Amino acid sequence: EVSPDGQSGYYQLYEMKPDALLLDLMLPKLNGIALLKKIRATREFEKLPVIVFTNAYVANMIHEAFTAGATAVYNKSSVTPRQF
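Fair warning: this is a prediction, and the values are worked out from it, not measured in the lab. (Residues numbered from 1 in each chain as written. Predicted model: local features only at pLDDT ≥ 70, side-chain atom pairs only at ≥ 80, totals over all residues. Heavy atoms only, no water.)

Topic: the pairing of strand β2 (residues 50–54)
Of the two faces of β2, the one holding V50, V52 and T54 is buried and the one holding I51 and F53 is not buried anywhere. Across three bridges, the pairing between strand β1 (residues 21–23) and β2 is parallel. Note that in β2 the partner of L22 across the bridge is I51. Note on the crossover from β1 through helix α2 (residues 32–41) to β2: the handedness is right-handed. In the sheet, β2 pairs with strand β3 (residues 72–75) via four bridges, with the strands oriented parallel. Each residue of the ladder has a partner; that of I51, found in β3, is A72. (Buried < 20%, exposed > 50% of the residue type's maximum accessible area, 1.4 Å probe, protein only. Helix = DSSP H or I, 4+ residues; strand = E, 2+ residues; numbered from the N terminus. Pairing = 2+ DSSP bridges. Right-handed = clockwise from strand over helix to strand, strands pointing away.)

Shown next as structure tokens:
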């Protein structure tokens with residue numbers, strides 16, 4: 001399943017109850033960092049594996065993703081599909 005923005009993605013979590021989440025940081029309406037913080041603040045999803053896969057060019061955003069509770073963070077421009 002794919003969501004067009006962070007806000008609808010958050011609501012889809014309740015409908016789908018996924019085993020894991022692949023998350024980009026650059027999202028409209030609710031960016032990936034804010035979404036990740038909301039996910040981790042929700043008891044039902046606090047242990048959900050969240051893999052951040054992004055092209056965020058700001059190094060601080062990658063650090064923020066880990067701080068917000070990302071399970072792993074991969075940069076789209078420097079990781080191969082095999083590594084992922």
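Some points on the confidence of the model for the protein
The predicted structure's coordinates, where accompanied by low pLDDT, should not be read in detail. Across the protein, the average pLDDT comes to 90, with 96% of residues at or above 70. Across the protein, the element-wise mean pLDDT spans from 87 in helix α3 (residues 59–68) up to 95 in α2. (pLDDT = per-residue confidence, 0-100.)

A look at the layout of surface pockets
Rolled over the atoms, a probe with the dimensions of a water molecule shows which regions are left empty. Put simply, the largest pocket is a space of about 360 Å³. What lines the largest pocket is a set of 20 residues, among which E1, V2, S3, L21 and L22 lie closest to the centre. When contributions to the lining of the largest pocket are tallied by element, the ones reaching two or more residues are α1 (6–16), β1 and α2. With five residues, α1 is the single largest residue contributor to the lining of the largest pocket. Here the lining of the largest pocket is composed, by residue class, of twelve nonpolar, four polar and four charged. (1 Å grid on protein atoms, 1.4 Å probe; cavity = no way out; pocket = protein on both sides within 12 Å on 5 of 7 lines; lining within 4 Å. Points joined across faces, edges and corners; volume = space filled by probe spheres on them. Nonpolar A, V, L, I, M, F, W, Y, C, P; charged D, E, K, R; others polar.)

Here's the deal with the environment of A34
Structurally, A34 is set in helix α2. By relative accessible area, which is 28% here, A34 ends up partly exposed. Along the sequence, A34 and Q7 sit 27 residues apart, while their C-alpha atoms lie 9.6 Å from each other.

Some remarks on the sheet that holds β3
Adjacent strands of a sheet pair through backbone hydrogen bonds, lying either parallel or antiparallel. Strand order in the open sheet made by the three strands is β1-β2-β3, with parallel pairing throughout. Bordering the open sheet on either side are β1 and β3, each of which pairs with just one other strand. The average angle at which neighbouring strand axes cross in this sheet is 20 degrees, direction not considered. Helix-sheet contacts for α3 involve β2 and β3, and the interaxial angle to β3 is about 160 degrees. (Axes fitted to C-alpha atoms, helices over the stretch in contact; angles between N-to-C directions. Contact = heavy atoms within 4.5 Å.)

A word on the side chain of T42
Locating T42 in the fold gives a position in the loop between α2 and β2. For T42, a relative accessible area of 13% puts it in the buried group. When neighbours within four sequence positions are excluded, T42 is seen to be in contact with Y10 and Y14.

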